[in-house]
Amino acid sequence: MTRVAIVGVAGRMGRTLVSAVNQDETATLAGGIVEPGSSLAGADIGELAGTGKSGVAAVDSLEAIKDDFDVLIDFTAPKVTLANLAFCAEHGKAIVIGTTGMSDDELEALDGYRDRVPMVFAPNMSVGVNLTLKLLETAARALGDEGYDIEVIEAHHRHKVDAPSGTAIKMGEVVADALGRTLKEHGVFERVGQCGPRSDTEIGFATVRAGDIVGEHTVMFATEGERIEITHKASSRMTFAKGAVRAARWVSSQKAGRFDMQDVLGLARG
Ligand code: NAD
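Residues numbered from 1 in each chain as written. Predicted model: local features only at pLDDT ≥ 70, side-chain atom pairs only at ≥ 80, totals over all residues. Heavy atoms only, no water.

Next up on the list: the UniProt feature "domain: Dihydrodipicolinate reductase N-terminal" (unreviewed entry) in the protein chain. The positions that UniProt labels "domain: Dihydrodipicolinate reductase N-terminal" (unreviewed entry) are, in the present scheme, residues 3–125. Along residues 3–125 the backbone is 32% helical and 20% strand, and the end-to-end C-alpha distance reaches 19 Å. (UniProt positions renumbered as here; feature names shortened; annotations may be inferred. Helix = DSSP H or I, 4+ residues; strand = E, 2+ residues; numbered from the N terminus.)

If you look at the biggest cluster of nonpolar residues, it comprises 36 residues, and the most contacted ones within it are Ile 6, Leu 17, Ile 73, Val 96, Val 120 and Met 261. For this core, the element with the most residues is helix 8 (residues 238–251), which contributes eight residues. If we skip the residues at most four places from it in the chain, Met 261 touches Val 120, Ala 122, Asn 124, Met 125, Asn 130, Gly 243 and Ala 247. (Core = buried A, V, L, I, M, F, W, Y, C linked by side-chain atoms within 4.5 Å. Buried < 20%, exposed > 50% of the residue type's maximum accessible area, 1.4 Å probe, protein only. Contact = heavy atoms within 4.5 Å.)

Here we take up the packing of helix 5 (residues 127–143) against helix 6 (residues 166–178). What describes two packed helices is the angle between their axes and the distance between those same axes. For the pair helix 5 and helix 6, the least separation of the axes is 8 Å and the interaxial angle reads 35°. Note that helix 5 runs across helix 6; the crossing there is right-handed. Across the interface between the two elements, Val 129, Thr 132, Leu 133, Leu 136, Glu 137, Ala 140 and Arg 141 from helix 5 touch Thr 167, Lys 170, Met 171, Val 174, Val 175 and Ala 178 from helix 6. (Axes fitted to C-alpha atoms, helices over the stretch in contact; angles between N-to-C directions. Left-handed = near helix turned anticlockwise from the far one by under 90°.)

We now examine the domain arrangement of the protein chain. Entries for the protein chain in the domain assignment read domain 1 (2–121 + 237–264) and domain 2 (127–234). Look at where the C-alpha atoms of domain 1 and domain 2 centre, and you get two points 29 Å apart. Each partner contributes residues to the interface: domain 1 has eleven residues there, and domain 2 has 13 residues. Where domain 1 meets domain 2, there are one salt bridge. Where Asp 104 meets Lys 184, a salt bridge forms, and the shortest distance between an N and an O atom there is 3.2 Å. For the pair domain 1 and domain 2, the interface holds four residue pairs in polar contact (both at pLDDT 80 or more). When residues of the side of domain 1 that touches domain 2 are assigned to their parent elements, the largest contribution, three residues, is made by helix 8. Residues of the side of domain 1 that touches domain 2, tallied by class, amount to two nonpolar, four polar and five charged. (Domains from an automatic or database assignment. Salt bridge = Lys/Arg side-chain N within 4 Å of Asp/Glu carboxyl O. Polar contact = N/O pair within 3.5 Å; in protein donor to acceptor, adjacent residues only side chain to side chain. Nonpolar A, V, L, I, M, F, W, Y, C, P; charged D, E, K, R; others polar.)

Before going further, it helps to spend a moment on the sheet that holds strand 11 (residues 257–259). The sheet built from six strands is open, its strands ordered 2-1-3-4-5-11 with parallel pairing. The open sheet has two free edges, formed respectively by strand 2 (27–33) and strand 11, since each of these has just one partner strand. Taken pair by pair, the neighbouring strands of this sheet meet at an average axis angle of 20°, ignoring direction. Of the pairings in the sheet, the one linking strand 1 (residues 2–7) to strand 3 (residues 71–74) comprises four bridges and is parallel in character. Paired with Val 7 across the bridge in strand 3 is Asp 74. Helix 8 rests against strand 1, strand 2, strand 3, strand 4 (94–97), strand 5 (118–121) and strand 11 of the sheet, and its axis sits at about 155° to strand 4. (Pairing = 2+ DSSP bridges.)

Lining the immediate environment of the ligand, one finds 22 residues, of which Arg 12, Met 13, Glu 35, Thr 100 and Met 125 sit closest. A distance of 3.2 Å separates a nitrogen atom of the ligand from a polar atom in the backbone of Gly 98. A distance of 3.0 Å separates a nitrogen atom of the ligand from a polar backbone atom of Pro 123. Burial of the ligand by the protein chains amounts to 79% of its free accessible area of 860 Å². Of the residues that constitute the shell around the ligand, the class distribution is twelve nonpolar, seven polar and three charged. (Near = heavy atom within 4 Å. Areas by Shrake-Rupley, 256 points an atom, 1.4 Å probe, with all protein chains shown as cover.)

Written out as structure tokens, the structure reads:
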């Protein structure tokens with residue numbers, strides 16, 4: 001049994017994760033952490049998630065449950081995640097990180113833990129998205145240098161705080177890598193006013209924020225006469241939560257290192 005603790009357990013993903021751990025016969029709910037000072041500390045995390053009494057009370061510090069769990073699942077915010085990584089390094093815990101929107105400095109800080117913490121870090125934990133990344137690699141290799149313009153379009157619910165989504169950036173990176181380009185040089189994240197025609201090699205991003213959209217991503221390869229679109233649509237957060245629990249089971253038996261869902265699913269190259 002993998003003993004799992006969930007940070008941000010009262011959040012949208014946190015509550016879905018409680019349900020996903022409950023449904024998994026090889027993982028057990030060992031703790032749930034809410035924001036320091038939250039009035040939800042002490043509440044039953046199953047009741048918080050709407051899945052019925054679990055017998056596990058939410059706490060507002062990791063210290064309080066440090067002997068109870070093996071793997072932390074963290075879908076919160078960059079600064080919170082980095083503090084939790086330091087805790088995992090100090091106490092010999094593994095971590096699954098779903099948090100998106102990290103700056104370059106924050107990503108560098110995260111990477112600094114790769115020799116001390118077994119971690120899975122992925123902007124999208126769904127099996128379907130991770131398969132889509134493989135399809136994109138193949139499509140980019142076949143089309144990218146043959147006059148096809150590449151654009152990434154994503155849509156999410158109105159509460160999402162970062163843009164473009166971590167998944168959209170990951171999709172752009174996979175395509176750029178396959179073509180020997182970089183997003184730093186070729187990514188175009190804004191077009192407004194007299195911005196001129198697109199260049200042949202740019203990879204454009206467009207963002208939609210509306211209503212309750214769980215997450216939709218399309219990568220378009222367009223040329224004169226045809227357009228290929230590879231699309232993934234998530235209709236429930238459960239797809240991310242199930243992937244995260246699968247990652248938690250997998251990472252619990254790994255040595256320190258930074259992994260992603262391609263590793264967890266056995267899709268990694270080489
Ligand atoms: P949310 O705002 O609903 O939940 C975040 C929760 O974290 C909140 O309940 C908040 O109270 C809590 N929190 C903040 N500081 C905390 C602290 N110090 N200790 C404990 N809890 C704390 O957001 P969400 O929609 O659940 O998304 C969270 C993150 O997960 C975002 O970065 C989002 O982009 C990402 N996400 C990733 C995936 C994926 O598959 N990787 C999927 C969906 C969302």
